[in-house]
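What follows is the residue order along each chain.
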Amino acid sequence: MMNASGSPVRQSSVRAHNLALVLQTVANSADQPSRAAIAASTGLTRATVSALVDDLIEGGLLVELEPAPRTGAGRPAAGLALAPDGPAGLGLEINVDYLAACVVDLTGAVRHRLVARADQRLLSPEAALAELGRLAAQARAAATIDGLTLAGAALAVPGLVTPDGLVRVAPNLGWQDVDAAQALRKVPALADLPVAVDNEANLAALGELRADHGGEPTFLYVSGEVGIGAGIVLDGELYRGGRGWSGEIGHVTVFPDGRPCRCGANGCLEQYAGQEAMAADADLAAAALGIALAAVVNLLDIDQIVLGGGYAPGFDRLRPGIEAELRRRVLTAELAPVTLRPATLGADAAMRGAADAVIRGVRDNPAAWSGRLG
Ligand SMILES: [Zn+2]
């Protein structure tokens, strides 16, 4: 086989690609496919699939299930599934009024979930990250007792994050240029793990995309905490923007001469629909959200809006007010309705999305995970 540049594709990269293909086929199947079914859907030969499946089983990523007893002729085929005891992801979240950690196994099941409620604005970034490190260590210990091995950790933060894990600014935490990835790598319980840091709404949007199998590939995910963030998913891909900082819907202007915002401007959405403002006046929060969302829909032609974070439990209360503004302000509202729904993962979407990002890394490149597969 030749690649685009004309040089022979290395056998190991073909193998790595095929391992990922087989693993993804099992992960994306509604049922537990047999080896023959995987061969049929991937176009690989049955012998090749069988060898790859054996390696994935030995590597702890797949399990073979006992076939259901069947009467009559023909031997029933064994089904394959992701290994519940395979590599797990540690999802971490730091937000204004809580810290959270969860362990999600390779099948996507949450095995442990820890939440510590406390106002992080009262702590320095170093102290808040040290607290989070303790929570992470507890989660890892619980995973170890279950016999799970962590493949990595990912942290969700309500701020602008660079690809190497530097939090440039998190206005509601009062953070500026905090190297969160490096701080977490210094936690002894995490020292041997890859640690990634990303914006909480982006991670939540990706988690939502994967949780909602067969759902819309284009949607806006809006996360309502003390601050408000959004993740823009277009055709199944997260749109990060030119510098990776898209989705700052909390600072979209809804009332030009309105309340002063922490960012220095006036009348930002966050001042009317952030968690604290929403508790004071839910109707105003819904109207302000509807105004900002109508602008997004008019601009991007996104017809599905997912409300997460603190908005998920308050969804029924907010919905009529948001929909009234969308009907009034979206040009195409009469041609095609905009769908609003609460996040499938509820208020846990960001930390679940963080853990899911780790799991996704294993599923996308199983050869890198286990030396036995390489
Ligand atoms: Zn603002």
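All chains use their own residue numbering, which begins from 1 and follows the written sequence. Local features in this predicted model are restricted to residues of pLDDT 70 or higher, and side-chain atom pairs are both shown and tallied only at a pLDDT of 80 or more, whereas totals for entire chains, interfaces and linings draw on every residue.

## Focus on the overall build of the chain
For the chain, the helix and strand inventory stands at twelve helices and 15 strands. Its C-alpha atoms give the chain principal-axis dimensions of roughly 75 × 55 × 50 Å. Relative to its 374 residues, the chain shows a buried fraction of 45%. Placing a C-beta atom from the backbone of each residue, one calls two residues in contact when those atoms lie within 7 Å. For the chain, long-range pairs separated by at least 24 residues make up 62% of all intrachain contacts whose partners lie at least 6 apart in sequence. Secondary structure elements follow DSSP: runs of H or I no shorter than four residues count as helices, runs of E no shorter than two count as strands, and numbering proceeds from the N terminus. Neighbour counting defines burial: a residue surrounded by 20 or more other C-beta atoms within 10 Å of its own C-beta is buried, one with 12 or fewer is exposed, and intermediate counts give partly exposed, using backbone-placed C-beta atoms.

## A few points about the domain arrangement of the chain
The domain limits used here are those given by an automatic or database domain assignment. By the assigned domains, the chain splits into domain 1 (11-68 + 75-82), domain 2 (88-203 + 349-368) and domain 3 (213-343). Each of domain 1 and domain 2 has a C-alpha centre, and these two points are 31 Å apart. At the junction of the two partners, domain 1 supplies eleven residues and domain 2 supplies seven residues. The greatest single-element share of the side of domain 1 that touches domain 2, amounting to seven residues, is contributed by helix α1 (residues 11-27).

## As for helix α11 (residues 349-364)
In this analysis, the expected span of each helix is defined as 1.5 Å times one less than the number of residues it contains. Counted at 1.5 Å a residue, the expected span for α11 with its 16 residues is 22 Å, and the 21 Å between its end C-alpha atoms agrees. Of all 16 residues in α11, 13 are buried; the element is thus mostly enclosed.

## Concerning the sheet that holds strand β3 (residues 88-95)
Sheet architecture is open: five strands sit in the order β5-β4-β3-β6-β10, paired in mixed fashion. The open sheet terminates on both sides in strands that have one partner only, identified here as β5 (110-117) and β10 (195-199). For this sheet, the mean angle separating the axes of adjacent strands, direction not counted, is 15 degrees. With five bridges joining them, strand β6 (residues 150-157) and β10 adopt parallel strand pairing. By the bridge assignment, leucine 155 is partnered in β10 with valine 197. Seen against the sheet, helix α6 (residues 200-211) touches β3, β6 and β10 and runs at an angle of roughly 95 degrees to β10. Each pair of strands is called paired provided DSSP finds at least two bridges between the two strands. Between N-to-C directions, angles cover 0 to 180 degrees, with each direction set by a line fitted to C-alpha atoms, over the stretch in contact for helices.

## Observations concerning the pairing of strand β15 (residues 339-342)
Across four bridges, strand β14 (residues 304-309) lies against β15 in parallel orientation. Across the sheet, residue leucine 307 finds its bridge partner in β15, namely proline 342. Handedness of a crossover is defined as follows: with both strands directed away from the viewer, a clockwise route from the first strand across the helix to the second makes it right-handed. What joins β14 to β15 is helix α10 (residues 315-329), and the crossover it makes is right-handed.

## Comments concerning the environment of alanine 280
Examined against the element boundaries, alanine 280 turns out to sit in helix α8 (residues 275-280). Separated by 110 residues in sequence, alanine 280 and alanine 170 have C-alpha atoms that sit 23 Å apart.

## Overview of the nonpolar core
Structurally, a nonpolar core is described as a collection of buried Ala, Val, Leu, Ile, Met, Phe, Trp, Tyr and Cys residues joined by way of C-beta atoms within 7 Å. If you look at the biggest cluster of nonpolar residues, it comprises 114 residues, and the most contacted ones within it are Leu92, Ala153 and Leu155. With eleven residues, the top contributor of residues to this core is helix α9 (residues 282-300). Every residue in contact with alanine 153, bar those within four places of it in the chain, is listed here: Leu90, Leu92, Ala136, Leu184, Leu190, Leu193, Val195 and Val358.

## As for the sheet that holds strand β12 (residues 228-234)
The five strands lie next to each other as β13-β12-β11-β14-β15, forming an open sheet whose pairing is mixed. Lying at the two open borders of the sheet, with one neighbouring strand each, are β13 (237-239) and β15. Along the sheet, successive strands turn relative to each other by an average axial angle of 30 degrees, direction set aside.

## As for the pairing of β6
The buried count for β6 comes to eight of eight residues, which makes it a mostly enclosed element. With six bridges joining them, β3 and β6 adopt parallel strand pairing. Of the residues in β6, the one forming a bridge with leucine 90 is alanine 153.

## A few points about unusual backbone geometry
Residue aspartate 177 is not a glycine yet carries a positive backbone phi of 50 degrees. On the basis of neighbour count, aspartate 177 is assigned to the exposed category, with 10 C-beta atoms found within 10 Å. Phi is positive for aspartate 235, close to 50 degrees, though the residue is something other than glycine. Inspection of the secondary structure puts aspartate 235 in the loop between β12 and β13.

## Quick look at the confidence of the model for the chain
Values of pLDDT, the confidence the predictor places in each residue, fall between 0 and 100. Mean pLDDT over the chain stands at 91; residues scoring 70 or higher make up 93%. Counting interchain partners and residues more than four positions distant, the pLDDT-below-50 stretch residues 1-7 has five contacts.

## Re helix α3 (residues 46-58)
The terminal C-alpha atoms of α3, which comprises 13 residues, lie 18 Å apart, in line with the 18 Å expected from a rise of 1.5 Å per residue. What α3 keeps buried is the set Val49, Leu52, Val53, Asp55 and Leu56. Take α3 and look down its axis: the buried residues cluster within an arc of 160 degrees, on one side only. Away from the buried face of α3 by more than 90 degrees, exposed residues Arg46, Ala47 and Glu58 are located. Starting at the helix axis, one direction is taken to each C-beta atom, and the arc is that of these directions.

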